[in-house]
Amino acid sequence: MTIKAEIMIQFNFPHNLFLKITLLVLLWPCLTRASESPSSVRLFYEVKSSQLPFKINSQLDWIQTGKNYQATLIIQVLNIKRIQVSSGSISSQGLVPQEFTSINKQKELAQFDWEKNSVDFKPPAPKITDLQNGAQDKLSVMLQIGRLLQEHNPTVQIGQVLNIQTIGSRGAEVREFKIVSNQQLQLPGGSLATVKVSTTSKDKNQTISFWISPKLHYLPVRILITESDGASVDQQWVRSTRQ
């Protein structure tokens, strides 16, 4: 007698119910894999710039080791790379950045001191002495909002606005992030259900919109940056891999 038959007899399962349970057990890892937070994943993007006649590539790396994380966004144009790196810890409230690095011609660094509620910059820039609870850097803020969506946090319902102090490599700004709508996007990598989030700088010179996908670990699958003069950079998801 096979193991399968013994289980059916022992528990007296109807055949169709046994098959349903068996399929659920077998498929469960696949069903949960898309939405669980991976320890390491890489997203590849196709980038269109209104100022360049050709497409370029970018990638977002997410690495989680225990309660620590590192996120790296790289955009490469020919042999020139623009890099942003956010690293820190993960608490019950989400991401807690410790360092934010921006490399574009030169390296700029923001270092968080949560005990003193301050941020220092290298090369030197005016020190921030009013670091707010829940503050994020320019890269981690997208990932933090994705985590809030994943946790079904009541503050991230459609139509709501989040006020988040956002730290760059040379200063800080409290920005309003509006949870705009649910959207089905057609991307180079396929069709994905997403949540659109948008924010505009206080001087109205720049608008950033990003689309979070539950299927791809609540990471941004499209990032659109639009300047007041009409210039834009549009990153769209092509594929992803686990590292």
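Residues numbered from 1 in each chain as written. Predicted model: local features only at pLDDT ≥ 70, side-chain atom pairs only at ≥ 80, totals over all residues. Heavy atoms only, no water.

Before going further, it helps to spend a moment on the packing of aromatic side chains. Enumeration over the complete set of coordinates arrives at 3 aromatic pairs. Ring geometry for W62 and Y69: centres 5.5 Å apart, planes at 10°, overall stacked. For the residue pair W62 and Y69, the accessibility class agrees, reading buried in each case. Its guanidinium or amino end placed over the ring of F44, R239 lies 3.9 Å from that ring's centre, counting from NZ or CZ. (Phe/Tyr/Trp six-rings, centres within 6.5 Å; stacked < 30°, edge-to-face > 60°. Buried < 20%, exposed > 50% of the residue type's maximum accessible area, 1.4 Å probe, protein only. Lys NZ or Arg CZ within 6 Å of the ring centre and 35° of its normal.)

A separate point is the pattern of salt bridges. In the structure shown here, the tally under the stated rule is 4 salt bridges. Notably, a salt bridge pairs K55 with E46, separated by 3.5 Å at the nearest N-O pair. Relative accessible area serves as the criterion here: at 53%, K55 is assigned to the exposed category. Notably, a salt bridge pairs D120 with K127, separated by 3.8 Å at the nearest N-O pair. For D120, a relative accessible area of 33% translates into the label partly exposed. (Salt bridge = Lys/Arg side-chain N within 4 Å of Asp/Glu carboxyl O.)

Attention now moves to helix α3 (residues 140–150). For α3, a buried count of 10 out of 11 residues is recorded, marking the element as mostly surrounded by other parts of the structure. Every buried residue of α3 is listed here: S140, V141, M142, L143, Q144, I145, G146, R147, L148 and L149. (Helix = DSSP H or I, 4+ residues; strand = E, 2+ residues; numbered from the N terminus.)

Right, let's get into the confidence of the model for the protein. Averaged over every residue, the pLDDT of the protein is 86; the share at 70 or more is 84%. Least confident of the elements in the protein is helix α1 (residues 3–11), whose mean pLDDT is 36; most confident is strand β8 (residues 136–137), at 98. Low pLDDT, under 50, characterises residues 1–14; the stretch is placed with 11 contacts to residues that sit more than four places away or in other chains. Note on residues 17–35: pLDDT under 50 across the span, and 16 contacts to partners over four residues away in sequence or across chains. (pLDDT = per-residue confidence, 0-100. Contact = heavy atoms within 4.5 Å.)

Turning next to the nonpolar core. Side chains that are nonpolar tend, in soluble globular proteins, to be buried together. I145 and F210 are the most contacted members of the largest nonpolar core, which has 48 residues in total. The greatest single-element share of this core, amounting to 6 residues, is contributed by α3. Excluding its chain neighbours within four sequence positions, the residues that come into contact with F210 are M142, I145, F177, V195, K196, V197, P220, R222 and I223. (Core = buried A, V, L, I, M, F, W, Y, C linked by side-chain atoms within 4.5 Å.)

By the secondary structure assignment, S102 is in strand β5 (residues 94–104). Sequence-distant contacts of S102, defined by excluding residues within four places in its chain, comprise I83, K107, E108 and S169.

Once that is clear, we can look at the pairing of strand β14 (residues 232–242). Bridge count for strand β1 (residues 40–49) against β14 is 9 bridges, and the pairing is antiparallel. Across the sheet, F44 pairs through a bridge with R239, a residue of β14. Note: strand β13 (residues 219–227) against β14, 5 bridges, orientation antiparallel. Within β14, the position partnered with I223 by the bridge is Q235. (Pairing = 2+ DSSP bridges.)

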